[in-house]
Amino acid sequence: MPSSSDVALGQLRVSWLLLIVVGLVVAGFVVLAPTIGLLLEQRGDIAALEAQVAEQREHVETLEEDVARWEDPAYIEAQARDRLFFVYPGETSFVLLDDRSALETASSDVPSATLEAPSSDWSAALASSFLLAGLTDQAPTSVGPTPEPQ
């Protein structure tokens, strides 16, 4: 005979204690789900920050190696010769300029493709200017366009 705390739903028997436990599990899941999501997000952030710290440590080690190089007099001499073009007395220094890179990076556009025909004939203007200058008796200030008063 079923007890008074059991409810019959068809063939399924459900006790009140089972309903309370299931309700508490569901309530616990609802309460803890955002906290677990936050925990997983924070673990991802921590992993990203640890990777960043490792990268910065490698960078610091590289910088420390660079600082250690400056302790060597031969390295300082090489840097002074390369960067500042220092030479010992009696030595002759030559600086070679490599202009090939400028030619290689020059634009491949043909400038003559954008040229326009001139509106006047420059050779006729040159000849008339030459003849005017050689055959005139006027002062140079009176020949040609007059400057505008200011």
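Up top is the structure.
Residues numbered from 1 in each chain as written. Predicted model: local features only at pLDDT ≥ 70, side-chain atom pairs only at ≥ 80, totals over all residues. Heavy atoms only, no water.

Undergrad: It is not clear to me how unusual backbone geometry should be interpreted in this structure. Could you clarify?
TA: Leaving glycine aside, a negative phi is the common case for residues, and trans is the common case for peptide bonds. Within the chain, Phe85 stands out as a residue other than glycine whose phi angle is a positive 60°. Position of Phe85 among the secondary structure elements: in the loop between α2 (73-84) and α3 (100-104). (Helix = DSSP H or I, 4+ residues; strand = E, 2+ residues; numbered from the N terminus.)

Undergrad: Explain a negative patch on the surface to me, please; I cannot follow it from the model alone.
TA: The grouping of Glu55, Glu58, Glu61, Glu64 and Glu65 at the surface amounts to a negative patch. Counting through the fold element by element, Glu55 comes out in helix α1 (residues 16-69). Taking relative accessible area as the criterion, Glu55 reaches 57% and is therefore assigned exposed. (Patch = residues over 30% accessible without salt bridge, like charges linked within 9 Å, V, L, I, M, F, W, Y side chains within 5 Å. Areas by Shrake-Rupley, 256 points an atom, 1.4 Å probe, with all protein chains shown as cover. Salt bridge = Lys/Arg side-chain N within 4 Å of Asp/Glu carboxyl O. Lys, Arg positive; Asp, Glu negative; His and termini not counted. Charge placed at Lys NZ, Arg CZ, Asp CG, Glu CD. Buried < 20%, exposed > 50% of the residue type's maximum accessible area, 1.4 Å probe, protein only.)

Undergrad: I'm lost on a nonpolar patch on the surface in this one. Help?
TA: Among the surface-exposed residues, Leu18, Val22, Val26, Phe29 and Val30 lie close enough to one another that they form a single nonpolar patch of about 500 Å² accessible area. Its place among the elements puts Val22 in helix α1. Accessibility expressed as a relative area gives 45% for Val22, which makes it partly exposed.

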